[in-house]
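Tertiary structure, described
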Amino acid sequence: MSDLDLLTQSLARSVKHWRAVRGFTLDVLAARAGVSRGMLIQIEQARTNPSLGTVVKIGDALGVSITTLLEYEQGPKVRIVPAEQAVRLWHTDAGSYNRLLAGTEAPGPLEIWDWRLMPGEQSSSDPHPAGTVELLHVTAGELTLAVDGTEYRVPAGASASFEANTPHTYGNTGDVPMEMVMAVSVPPVP
């Protein structure tokens, strides 16, 4: 079985599980996540590989991290994630990518990401739930961070944090690859 098949099946089990834990019907989860009921049915039946944006929306609506949704199995209290098990969820032909390195529930979803953006590329994100905070540290190049329409330059060695409940974009307007590590903290679902 391929990694993609394992992820698809894990996502199907996790979405069903967390939807039941939250007491959400398919219609309620669809409305909360802003995805179609049909897409949720396909996901829960492991018949589709949704986009990263769709998985993020479902995780936000359920109040769980992407890591929790994609876990193959529940692990011990201490969990080591080998480098080869980091999940690359987005990439471009030019070489840009992000990788979900690790995540946990503390008390809401908490994730750590590894990002690389090639010159001239960008990745946009829809607003996350109110109370979501992103914290990032640029290790190479310069990040052009746009939050709610305002651009900020974050050079190598600098860090930034922001409330991520508005549209935001990570971009590289420089001429060398930009690399950063980012943590995302999402509040728990009430």
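In case you missed it, the structure is sitting above this.
Residues numbered from 1 in each chain as written. Predicted model: local features only at pLDDT ≥ 70, side-chain atom pairs only at ≥ 80, totals over all residues. Heavy atoms only, no water.

1. Notes on the overall build of the protein
Counting its secondary structure elements, the protein contains five helices and ten strands. Here the C-alpha radius of gyration of the protein, 17 Å, is about what a compact globule of 190 residues would show, namely 16 Å. Put simply, the protein has 190 residues, and 43% of those count as buried. In the protein, once contacts between residues fewer than 6 apart in sequence are set aside, the share between residues at least 24 apart is 62%. (Helix = DSSP H or I, 4+ residues; strand = E, 2+ residues; numbered from the N terminus. Rg over C-alpha atoms; globule rule 2.2 N^0.38 Å. Buried < 20%, exposed > 50% of the residue type's maximum accessible area, 1.4 Å probe, protein only. Contact = heavy atoms within 4.5 Å.)

2. As for the nonpolar core
Generally speaking, a soluble globular protein has its nonpolar side chains buried in company with each other. The biggest cluster of nonpolar side chains holds 43 residues, and the ones touching the most others in it are Ile58, Leu69, Leu136, Leu143, Tyr170 and Met180. Top element by residues in this core is helix α4 (residues 52-62). It accounts for six residues. Apart from residues no more than four positions distant in its own chain, Ile58 is found in contact with Val15, Ala33, Val35, Leu40, Ile43 and Leu69. (Core = buried A, V, L, I, M, F, W, Y, C linked by side-chain atoms within 4.5 Å.)

3. Digging into the packing of helix α1 (residues 3-22) against α4
Two numbers describe how α1 lies on α4: the axes approach to 10 Å, and their chain directions differ by 25°. Judged by the angle between their axes, α1 and α4 are roughly parallel. Pair α1 / α4 crosses with left-handed handedness. The residues of α4 that touch α1, namely those facing Leu11, Val15, Trp18, Arg19 and Arg22, are Val55, Ile58 and Leu62. Among the residues forming the contact of α1 with α4, the class breakdown is six nonpolar, no polar and two charged. (Axes fitted to C-alpha atoms, helices over the stretch in contact; angles between N-to-C directions. Parallel < 35°, antiparallel > 145°, perpendicular 65-115°, else oblique. Left-handed = near helix turned anticlockwise from the far one by under 90°. Nonpolar A, V, L, I, M, F, W, Y, C, P; charged D, E, K, R; others polar.)

4. Some remarks on the packing of aromatic side chains
For the coordinates displayed, the defined rule picks out two aromatic pairs. Between Trp90 and Trp115 the ring centres are 5.6 Å apart and the planes differ by 45°, which places this aromatic pair in the tilted class. Remark: Trp115 occurs in strand β3 (residues 109-117) and Trp90 occurs in strand β1 (residues 87-91); sequence separation between them is 25 residues. Note on Trp90: relative accessible area 19%, which makes it buried. By relative accessible area, Trp115 is classed as buried at 3%. (Phe/Tyr/Trp six-rings, centres within 6.5 Å; stacked < 30°, edge-to-face > 60°.)

5. Digging into the packing of helix α2 (residues 26-33) against helix α3 (residues 37-44)
Taken N-terminus to C-terminus, the directions of α2 and α3 make an angle of 110°; their axes are 9 Å apart at the nearest point. By the criterion of interaxial angle, the relationship of α2 to α3 is roughly perpendicular. The crossing of α2 and α3 is right-handed. Each of Leu26, Asp27, Leu29 and Ala30 in α2 lies in contact with α3, whose residues at this interface are Arg37, Leu40, Ile41 and Glu44. Its residues assigned to classes, the contact of α2 with α3 shows five nonpolar, no polar and three charged.

6. As for the pattern of salt bridges
Inspection of the entire model under this criterion finds six salt bridges. Its salt-bridge partner being Arg37, residue Asp27 comes within 3.0 Å of it at the nearest N-O pair. With Asp27 in helix α2 and Arg37 in helix α3, this pair connects stretches of sequence that are ten residues apart. Exposure remark for Asp27: the relative accessible area of 48% places this residue in the partly exposed category. With a closest N to O distance of 3.9 Å, Arg153 and Glu142 form a salt bridge. Of the two residues, Arg153 is situated in strand β7 (residues 150-155) and Glu142 in strand β6 (residues 142-147); the sequence distance between them amounts to eleven residues. Look at Arg153 and you get partly exposed, because its relative accessible area is 46%. (Salt bridge = Lys/Arg side-chain N within 4 Å of Asp/Glu carboxyl O.)

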